[in-house]
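Here's the letter readout for the chains.
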Protein chains: 2
Amino acid sequence: MPLPTPPRNLKVTFEPDGVTMQLHEGETLLEIARRANVDISSPCGGEGLCGRCAVQVKGEHDVLGPTPPHHDPSKGLSLACRVRPKGDVTVTVPPGSRSGAVRILTESREVMVELSPLVRRVVLELPRPTISDNVCDLMRVSRGLGFGLHEITLPLPLLQRLGETVRASDWRVAATVATDSRPPRLIGLGPVDPSGRTLGLAMDIGTTTVVGRLIDLESGLVLSTAARENGQIPFGEDVIARIQHANESETGLRELRGAVFGTIKEIVLELLEEGHASADEVVASSIAGNTVMEHLFMGVQPRSIRLEPYVPTFCQMPDITAGEAGLPVNPDGIVYLLPSRAGFVGGDVTADVLACGMHKRDEVAMMIDVGTNGEVVLGNREWLMACSCSAGPAFEGGEVKHGMRAAKGAIEHVEIDDDLSVSYQTIGETAPRGICGSGLIDLIAELFYHGFIDRAGTLVKEHGRVVQLDPLTFDAFGRCFIIADAGQSGTGAPIYISEGEIKNVIRTKAAMYAACSVLLKEANLTFDDLDRVYISGGFGRYLDSWKSRLLGLLPDIEEWRFEFMGNGSLEGARMALLSSTARKEARSVFSNMTYVELSVSARFMDEFTSAMFLPHTDLDRFPQVRKALDGRKTEDRGGAGA
Amino acid sequence: MPLPTPPRNLKVTFEPDGVTMQLHEGETLLEIARRANVDISSPCGGEGLCGRCAVQVKGEHDVLGPTPPHHDPSKGLSLACRVRPKGDVTVTVPPGSRSGAVRILTESREVMVELSPLVRRVVLELPRPTISDNVCDLMRVSRGLGFGLHEITLPLPLLQRLGETVRASDWRVAATVATDSRPPRLIGLGPVDPSGRTLGLAMDIGTTTVVGRLIDLESGLVLSTAARENGQIPFGEDVIARIQHANESETGLRELRGAVFGTIKEIVLELLEEGHASADEVVASSIAGNTVMEHLFMGVQPRSIRLEPYVPTFCQMPDITAGEAGLPVNPDGIVYLLPSRAGFVGGDVTADVLACGMHKRDEVAMMIDVGTNGEVVLGNREWLMACSCSAGPAFEGGEVKHGMRAAKGAIEHVEIDDDLSVSYQTIGETAPRGICGSGLIDLIAELFYHGFIDRAGTLVKEHGRVVQLDPLTFDAFGRCFIIADAGQSGTGAPIYISEGEIKNVIRTKAAMYAACSVLLKEANLTFDDLDRVYISGGFGRYLDSWKSRLLGLLPDIEEWRFEFMGNGSLEGARMALLSSTARKEARSVFSNMTYVELSVSARFMDEFTSAMFLPHTDLDRFPQVRKALDGRKTEDRGGAGA
């Protein structure tokens, strides 16, 4: 019997948006559309009064009352606020039912933002000065921009050319201005050029991976995306190793800053080439990273983050220009860093919160960023709590000999059949070269379900795939499970996981689960109180929620409560780049979030110890997993019952 | 009969301040002390009720009633608010009668300011971070400074070292901070060093002369003063010539900026040497100059100032660092420019207004800055009007062959006796090398009074000193008046003034007087409505008010209404450096001042033409002068009666 999964959820697809969402129990089409950020007009707030949310629905559904008298169902349109799907449905939204809000698509979970970018270009038609209107040129520009007297700064070279610029263009000029900066900052002024563009950079600087996006600030469209491994990896896999290196020698900090800038430069070059753009067009950058990454990016010594009480030098970076920061874009451009909350809850977490929107909802939700470092945020529009745990790099391919990142040749899915035969799927469908995070979760869940390992992760089943490898030849210790033998493997050598590595993954999942539990206890809540659990992080995108629950990595709640965000950090950086509302929200998230320090928490140690079993010491917390385990054939029962 | 002067004014000297003031009619000691910015306590406001203003008075005086019952005159002390001097008096202020306001002395007219400098040093005793108080280092510093979250900026290198700095000093640090900047800017952070100083630079960049002062920002004391001719002079004597040069070639602007920075560097070096200070200690600079000088200082093309409608590129300079500006002091230091009102009413005029305080008084006053360019401000606490006229460099030694600046060998006073013999006084009491502005005024007034010239400035008297010089030999045109012959002169050649030059000076004085008249007419006032006439400018300091009235340069009002401020521009720069109140006032002066453009004013042309006579076409406006002229012996009557 293959590993059972709960009944699959129903799907709702919105056209022409091309967005498909899982149906949550009891939701109306309008509610789903809001969750999906699909634009449907609803001035009455979904009360069935205005009739403005008329859509075409294909598929089984109920229609709820009341509908307004002026709505005529014979035209083939239903009101989205009155329709509750009962099966898979496809919804077509006619143009007349749009509210007109700007829609921006990205590869991540899509979030709609109103366009008010970090830097915008404004065409100014300035009145020519006269004897009676003889304010200075700078004030005329400032006035044209809608700012009062003295309310504007600018680089000196721009001021030096300003008088000539406005006169050469006969007082019709394009101003590039960072309106959110305090005071507002003019960063460019020139003749109106309809072919000119203002571009922005959104970037997620992860400990392992750096991803950048080039975005047109006037349309919000993504022009190109590029990713690279963080060039700091040779100096250490995780943030602690990086801090150590920065602290070790006089040159350590400089080396690390140089390494990440090397990566960033490659990314920017690729972005510009693919986007057919020049560096000078890039006038705004929004950057999210964990606190250590943000410190190293700024060349700030991160040493104190590692020492109790784990205090960073900065959480919110004051306004800085690209020239000061050293970013290879327009040197007068603005660089915005997503604010951090603490040494181990960084700007990437603030970005995650922005991207999932938990800070705007009434319902309590949890956001889990599963990366090299794990961060958890709990709360709603009224309160937020955050903590972090050192998840370790296991999920990103580190600390596991055949672990690798989610690249070509990585085993991303594993299935073990009733006959204990192993099948897997690789990225790019080539011969396997290693196993990535999602493959590891699958593998260990299957090993557990089929009794290869017991609840502590010990390889207990006698089987041909369970062998003691020669440590001299294979550099592996203890017993191993062979995933692919030398003949199947793309490397010519067998691909396996050792018992030690399995226990390492269990330690990682235990830390994540414990972190979630502690936050809930601090808030006097349980997992059942959560309306949603958002999963962020490159790894999270490929996570199988059922198998994660089987392992006890994720809590054993209904599947529909999970939402996989993709790269929330990049998405949050994009939102902050494009929307002043998002930037305001980032500031308030940063200010309002309570940080819970786990390293001094006795409760965390208890929770961590309890979570060191599969799925957990307390099986009552995992009712669906218990049911699945109980449903296995008797002969399947291995360590899981132990 | 020598030229008559009105009865000399009585003097009041305050001890131990060492300040001497002219007595104005009807003033009490307390009123004079206020005018002199001598600190005397007066909680009751000078009503004779509190008895706190007790001083010792030596010299003839009246005592007014009432005095409070608890004041005992037998102790030898009188109440300053009750004493009205009748002759020269010396007043000793006991320490107990001081209010405690900080007193700052300078060479200029002394203005008392409360100390709230552009940049201040604060010792912070920061609480060490703990798990429960774990805000980032930057926020801890910001909090320690009394600013909220995110309310602070700083140079990136300072941020990069910040964590180490606060820890190395065990959280007791000295912060150097520009509190008025928006947002406040941290410009230095380091261990507490009791011998450390924070110094500031106050500078007046005049078209002709640049003067700087090094000031201790913690005590307000002047450490050194240095002055140089503006290195731009070879490129043109006045602002119009400078603008022309800046506009002429690609390098013109750069040459002018380089030239004034050459001058500034010499001044700063001298200031530092005399003040035993290092460039790094200088963290704030406050600079006043006319609009063209401020543009050239910033490297901004001033071209548009010269073309109708005479609009400058900037009036109020945004915050800038010394490094950006290129000032040879601490590169992270703040540079503040006094705001300009218009192309020809610059930061120097704003500074003059600050220095004389006319913007804070109920009474209407006039401020005249007599320099290469002449500026006039009229108004009170409720309104201000300003205009400028191209006075020309005559008063600063330009456009007159033997004119020179007020330096060693310059004739600064001239007297002609009844026997028409000429006596003069030179600076440094050496043989004369030329004649400076105050000497020119004296000379022409005496020539006029004694009938050498008529009311139009024509040399009408036949006299041995009035000669026709050979233009080939002496490079002079028309008739001349020999002030000193070759034998007396320090140059070996005679020192003279030509008729053309005399008329040139008359044109200059006519422009100044006309500017004053136009402002008054715009406000529907006359000179008699003025409570005070403040005279600013290096030249103004040495002006003889009676002779100036005789020429019609200054209006013919009572002498006590004139107040000579010295270098008001430098004094205003000093006040702005030391006092945030002064900086706020500068901003409001700049915002509230109405600018009257004379170049398009028909009224100005009329007034100018009428003022081209000595003292004026309309002698009714100059009753005291008329009386003096009428009182001359008949045989003296020359051109004056013509």
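Since this is a predicted model, take the numbers as computed values, not measurements. (Residues numbered from 1 in each chain as written. Chains lettered and ligands numbered in written order. Predicted model: local features only at pLDDT ≥ 70, side-chain atom pairs only at ≥ 80, totals over all residues.)

Counting residues at the interface gives 43 residues for chain B and 43 residues for chain A. Secondary-structure elements contributing two or more residues to the side of chain B that touches chain A are α2 (137–144), α3 (156–168) and α7 (303–306) of chain B. Residue composition of the side of chain B that touches chain A, by class: 24 nonpolar, 12 polar and 7 charged. (Contact = placed C-beta atoms within 7 Å. Helix = DSSP H or I, 4+ residues; strand = E, 2+ residues; numbered from the N terminus. Nonpolar A, V, L, I, M, F, W, Y, C, P; charged D, E, K, R; others polar.)

This paragraph deals with the environment of Asp-417 of chain B. All names here are of chain B. By the secondary structure assignment, Asp-417 is in the loop between β20 (410–416) and β21 (422–426). Take Asp-417: there are 13 C-beta atoms within 10 Å of it, and that puts it in the partly exposed class. Separated by 44 residues in the primary sequence, Asp-417 and Lys-461 place their C-alpha atoms 15 Å from one another. (Buried ≥ 20, exposed ≤ 12 C-beta atoms within 10 Å, placed from the backbone.)

All names here are of chain A. Among the structural elements, Val-93 can be located in the loop between β7 (89–92) and β8 (120–125). Between the C-alpha atoms of Val-93 and Phe-297, which are 204 residues apart in sequence, the distance is 44 Å. Residues within four places of Val-93 in sequence aside, it is in contact with Phe-14, Val-38, Ile-40, Val-55 and Arg-98.

Moving on to the relation of the copies chain B and chain A. Of the two same-sequence chains, chain B is brought onto chain A (RMSD 0.2 Å, axial shift 0.2 Å) by a rotation of 180°. Expressed as an axis order, the relation between the two copies is that of a two-fold axis. Both copies share a contact surface, since 100% of the interface residues of chain B are interface residues in chain A too. (Least-squares fit on C-alpha atoms with pLDDT ≥ 70 in both.)

All names here are of chain B. Only one face of strand β1 (residues 11–15) is buried, namely the one carrying Val-12 and Phe-14, since none of Lys-11, Thr-13 and Glu-15 on the opposite face is buried. Where β1 lies against strand β2 (residues 19–22), 4 bridges are found, and the strand directions are antiparallel. Residue pairing in the sheet places Val-12 in a bridge with Met-21 of β2. As paired strands, β1 and strand β7 (residues 89–92) are joined by 4 bridges and run parallel to one another. (Pairing = 2+ DSSP bridges.)

Residues and elements named next belong to chain B. Across the sheet, 3 strands lie side by side as β8-β9-β10; this open sheet has antiparallel pairing. Whereas interior strands pair on both sides, the edge strands pair on one side only; in this sheet they are β8 (120–125) and β10 (185–191). Mean inter-strand twist for the sheet, computed between neighbouring axes without regard to direction, equals 30°. (Axes fitted to C-alpha atoms, helices over the stretch in contact; angles between N-to-C directions.)

Attention shifts here to the packing of helix α9 (residues 347–356) of chain B against helix α15 (residues 580–592) of chain B. All names here are of chain B. Viewed as axis vectors pointing N to C, α9 and α15 meet at an angle of 120°, and their least axial separation amounts to 10 Å. The orientation of α9 relative to α15 falls into the category oblique. Between α9 and α15 the crossing geometry is right-handed. Across the interface between the two elements, Thr-350, Val-353 and Leu-354 from α9 touch Ala-582, Glu-585, Ala-586, Val-589 and Phe-590 from α15. (Parallel < 35°, antiparallel > 145°, perpendicular 65-115°, else oblique. Left-handed = near helix turned anticlockwise from the far one by under 90°.)

Bringing the environment of Leu-79 of chain B into the picture now. Residues and elements named next belong to chain B. By the element assignment, Leu-79 lies in strand β5 (residues 78–79). As for Leu-79 and Asp-348, which are separated by 269 residues in sequence, their C-alpha atoms are 39 Å apart. Aside from chain neighbours lying at most four places away, what touches Leu-79 is Gly-48, Gly-51, Cys-53, Ala-54, Thr-67 and His-71.

Let us look at the domain arrangement of chain A. As assigned here, chain A comprises domain 1 (11–97), domain 2 (120–191), domain 3 (200–346), domain 4 (348–392 + 506–626) and domain 5 (394–504). The straight-line distance from the C-alpha centre of domain 1 of chain A to that of domain 3 of chain A is 42 Å. (Domains from an automatic or database assignment.)

Right, let's get into the nonpolar core. Grouped together as the largest cluster of nonpolar side chains are 330 residues, with contacts concentrated most on Ala-515 of chain A together with Ala-515 of chain B. With residues near it in sequence (within four places) discarded, Ala-515 of chain A still touches Gly-374, Val-376, Cys-387, Cys-389 and Leu-598 of chain A. (Core = buried A, V, L, I, M, F, W, Y, C linked by C-beta atoms within 7 Å.)

With the exception of glycine, most residues fall at negative phi, and the peptide bonds are largely trans. For the bond from Leu-614 of chain A to Pro-615 of chain A, the omega torsion is -15°, close enough to zero to count as cis. Counting through the fold element by element, Pro-615 of chain A comes out in the loop between α16 (602–610) and α17 (623–630). Residue Arg-182 of chain B is joined to Pro-183 of chain B through a cis peptide bond whose omega torsion reads -10°. Note on placement: Pro-183 of chain B falls in the loop between β9 (172–178) and β10. Even without being a glycine, His-276 of chain A presents a positive backbone phi close to 50°. Along the chain, His-276 of chain A falls in the loop between α5 (252–274) and β14 (282–289). Even without being glycine, Asn-524 of chain A reaches a positive phi, approximately 60°. When the 7 C-beta atoms within 10 Å are taken as the criterion, Asn-524 of chain A is described as exposed.

Residue and element names in this part refer to chain A. In this structure, strand β20 (residues 410–416) lies alongside strand β21 (residues 422–426), joined through 5 bridges in antiparallel fashion. The partner of Val-414 across the bridge, within β21, is Tyr-424. What sits between β20 and β21 in their antiparallel hairpin is a turn of 5 residues, with Leu-420 showing a positive phi close to 65°.

A separate point is α15 of chain B. Residue and element names in this part refer to chain B. The end-to-end C-alpha distance of α15 is 18 Å, a good match for the 18 Å that 13 residues give at a rise of 1.5 Å each. When we look at burial in α15, the residues that qualify are Ala-582, Arg-583, Glu-585, Ala-586, Val-589 and Phe-590. Along the axis of α15, the buried positions cluster into a sector of 160°, meaning they face one direction only. Against the buried residues of α15 lie α9, β19 (384–389), α14 (568–578) and β28 (593–595). (Expected span 1.5 Å × (residues − 1). Arc of directions from axis to C-beta.)

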